[in-house]
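# What the coordinates show
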2 protein chains.
Amino acid sequence: MTMHQVLEDVLPADHHPRIVCLSGPAFAVEIAQRLPTVVTLACREEAYAISVQATLSCPWFRCYSSTDVIGVEIGGALKNVIAIAVGIGDGQTQGFNSRAALMTRGLAEITRLGVRMGANRSTFLGLSGMGDLLLTCTGDLSRNRRVGLALGQGRELTSILEEVGQVAEGVQTTRAACQLAERLGVDLPISGMVRKVIDGEMSPADAGLALMTRQLRSETD
Amino acid sequence: MTMHQVLEDVLPADHHPRIVCLSGPAFAVEIAQRLPTVVTLACREEAYAISVQATLSCPWFRCYSSTDVIGVEIGGALKNVIAIAVGIGDGQTQGFNSRAALMTRGLAEITRLGVRMGANRSTFLGLSGMGDLLLTCTGDLSRNRRVGLALGQGRELTSILEEVGQVAEGVQTTRAACQLAERLGVDLPISGMVRKVIDGEMSPADAGLALMTRQLRSETD
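Presented here is a report on the structure given in the accompanying data block. Just so it is clear, the structure is predicted and the values come from calculations on it, not from any experiment.

### Remarks on unusual backbone geometry
Residue Arg 34 of chain A is not a glycine yet carries a positive backbone phi of 60°. Take Arg 34 of chain A: it is sitting in the loop between helix H2 (28–32) and strand S2 (37–42). What makes Arg 34 of chain A exposed here is its relative accessible area of 55%. The phi dihedral of Thr 93 of chain B is positive, around 45°, even though this residue is not glycine. Tracing the backbone through its elements, the reader meets Thr 93 of chain B in the loop between helix H4 (69–91) and helix H5 (96–116).

### Re the interface of chain B and chain A
Taken residue by residue, the interface counts 59 residues in chain B and 59 residues in chain A. With both chains or domains summed, chain B and chain A bury close to 5000 Å², and 64% of this area falls on carbon and sulfur atoms. Per-residue buried area on chain B facing chain A is highest for Arg 62, Asn 97 and Met 212 of chain B; these three make up 16% of the total on that side. At the surface where chain B touches chain A, the tally comes to 30 residue pairs in polar contact (both at pLDDT 80 or more). Taken together, the elements giving at least two residues each to the side of chain B that touches chain A come down to helix H2 (28–32), strand S2 (37–42), helix H3 (46–56), strand S3 (61–66), H5, helix H6 (127–138) and helix H11 (204–212) of chain B. Of the residues belonging to the side of chain B that touches chain A, the class tally is 29 nonpolar, 22 polar and eight charged.

### A short note on the sheet that holds strand S1 (residues 21–23) of chain B
Residues and elements named next belong to chain B. With respect to topology, three strands assemble into an open sheet ordered S1-S2-S3, the strand pairing being mixed. Either end of the sheet is taken by a strand with one partner, and the two such strands are S1 and S3. Between one strand axis and the next, the sheet turns by 25° as a mean value, whatever way the strands run. When S1 meets S2, the two strands line up antiparallel, connected through three bridges.

### A look at the sheet that holds strand S3 (residues 61–66) of chain A
Backbone hydrogen bonds are what pair the strands of a sheet, in a parallel or an antiparallel way. All names here are of chain A. The strand order S1-S2-S3 describes an open sheet built from three strands, whose pairing is mixed. Every interior strand has two partners, whereas the edge strands, strand S1 (21–23) and S3, have only one. Taken over all neighbouring pairs, the strand axes of this sheet differ in orientation by 25° on average, direction set aside. Sheet analysis places S2 next to S3, joined by six bridges and oriented parallel.

### Concerning a nonpolar patch on the surface
Taken together, the side chains of Met 1, Met 3 and Val 6 of chain A define a hydrophobic patch exposed on the protein surface, amounting to about 340 Å² of accessible area. The topology assignment puts Val 6 of chain A in helix H1 (residues 3–10).

### Looking at the relation of the copies chain B and chain A
Superposing chain B onto chain A takes a rotation of 180° combined with a translation of 0.0 Å along the rotation axis, leaving an RMSD of 0.0 Å. On the angle and the small slide along the axis, the relation comes out as a two-fold axis. For chain B, the residue whose C-alpha comes nearest the rotation axis is Leu 125 of chain B, separated from it by 3.1 Å. With an isologous cut-off of 70% or more, the 100% of interface residues of chain B that recur at the interface of chain A puts this contact in the isologous class.

Rules used in this analysis
Starting afresh in each chain, residues are numbered from 1 along the sequence in its written order. By the order in which they are written, chains take letters starting at A while ligands take numbers starting at 1. Local features in this predicted model are restricted to residues whose pLDDT is 70 or higher, and side-chain atom pairs enter the listing and the counts only when it is 80 or higher, whereas totals over whole chains, interfaces and linings include all residues. Hydrogens and waters are ignored; side-chain quantities use all the structure's heavy atoms. Helix numbers and strand numbers start at the N terminus; a helix is a DSSP run of H or I with at least 4 residues, a strand a run of E with at least 2. Each residue gets one of three labels from its accessible area relative to the maximum for its type: buried under 20%, exposed over 50%, partly exposed in between, using a 1.4 Å probe on protein chains only. Residue contacts are defined here by distance: any two heavy atoms, one from each residue, within 4.5 Å place the two residues in contact. In short, buried area is how much 1.4 Å probe accessible area vanishes from two parts on joining, totalled over both. Throughout this description, a polar contact denotes any pair of N or O atoms lying within 3.5 Å of each other; where both atoms belong to protein, one of them has to be capable of donating a hydrogen while the other can accept it, and for residues adjacent in sequence the pair is counted only when both atoms sit in side chains. In this classification, Asp, Glu, Lys and Arg are treated as charged, Ala, Val, Leu, Ile, Met, Phe, Trp, Tyr, Cys and Pro as nonpolar, and every other residue, Gly included, as polar. Only strands that DSSP links by at least two bridges are regarded as paired with each other. Between the N-to-C directions of two axes lies an angle of 0 to 180 degrees, each axis being a line fitted to C-alpha atoms and, for a helix, fitted only over the stretch in contact. What makes a patch is a set of residues exposed beyond 30% relative accessible area and free of salt bridges, joined within 9 Å when like-charged and within 5 Å when nonpolar (Val, Leu, Ile, Met, Phe, Trp, Tyr). In short, Shrake-Rupley with a 1.4 Å probe defines the accessible areas, and a residue's cover is counted only from the protein chains shown. Any Lys or Arg side-chain nitrogen found within 4 Å of a carboxyl oxygen on Asp or Glu counts as a salt bridge. Least-squares fitting of one copy onto the other uses the C-alpha atoms of those residues that reach a pLDDT of at least 70 in both copies.

See the structure below:
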């Protein structure tokens with residue numbers, strides 16, 4: 001379940017249209033320093049998103065409105081899986097080209113799953129999709145990327161989580177996303193490889209090679 | 001004119017359907033080192049794109065096919081404008097959040113212009129769009145980003161270009177994109193601010209503030 005589904009599960013029905021989801025590339029420490037930050041506010045009822053947008057926006061915090069709650073949530077959750085993948089590549093010093101490719105094809109599979117769940121494709125081009133993904137994958141503050149880095153350097157998940165802590169939520173998200181994708185019949189090649197590396201079923205090097213040698217295809221398939 | 005338009009201008013008509021455009025996040029030095037690299041091949045006739053795809057692909061170089069030639073070209077050209085914008089922000093040490101926001105909203109305006117020129121929106125989610133943009137904006141090898149960094153630190157364009165060289169093509173692309181957008185009636189707020197900073201009409205700090213305090217809107221407008 002995504003967070004708005006959890007909230008709908010516990011709140012009375014008349015509150016449901018008022019759930020507004022904030023997401024985007026936003027390290028809290030930078031907001032506290034009043035550095036420029038731009039995020040998306042999504043609500044099923046556009047009027048509530050616009051109302052919160054007017055309340056929260058100021059010269060260093062700019063909000064865009066959206067009505068695609070599920071799309072905004074899926075981008076925010078699944079970016080952590082791709083951050084692990086990028087960490088695994090960086091841990092093997094695979095270079096900038098492959099990092100950009102993992103993030104781009106990672107967003108393509110997040111988009112496939114999101115659209116299958118009813119999200120709007122263009123949401124993934126936005127702040128909660130591409131924006132949050134690139135912050136998490138290239139900023140050094142992400143725990144999920146640190147988990148991937150250690151996996152790429154050949155360490156085992158149990159000892160990594162003892163060090164990083166259990167709050168690297170991408171590990172659980174990877175398994176949940178793979179189960180969800182299987183149920184919905186969506187192909188998530190990168191997430192699938194991350195799951196195999198996490199669960200010790202495949203080495204990081206073999207996972208990278210498997211992704212590079214898949215059947216050739218059109219970019220929009 | 002984009003490169004395929006230049007080629008069509010000089011080649012006989014029977015060659016036109018065979019022009020295949022390669023683009024994506026690909027620093028040449030990494031390809032030479034056989035580090036994993038993934039790119040897009042676009043041709044009006046899909047069969048030619050697929051033929052070149054089969055010829056060039058190998059375990060460290062993976063090609064996706066596309067029929068959206070203009071979309072692939074627009075992404076490759078306009079990313080240099082956003083790289084200057086990101087450099088201007090980094091030169092003022094504006095943080096990771098604003099860098100992610102500039103890249104995301106930068107891709108949104110590239111997409112608007114491209115779609116207006118007949119490109120497919122989903123191309124900009126791909127390797128020649130988001131992929132190339134993030135490589136150029138976060139890798140340190142880009143001359144355009146270096147031009148932006150120096151502008152953000154308060155230096156003047158003439159002295160910067162003497163040092164970096166005239167091959168920072170984003171400077172010319174910025175002016176061309178702004179002219180094109182005006183003719184087509186497309187709003188390019190970030191490119192417009194970059195042009196003003198380049199031409200000494202606005203300070204980097206004022207340009208950033210102007211972007212943050214524009215009228216609030218929906219993310220997909």
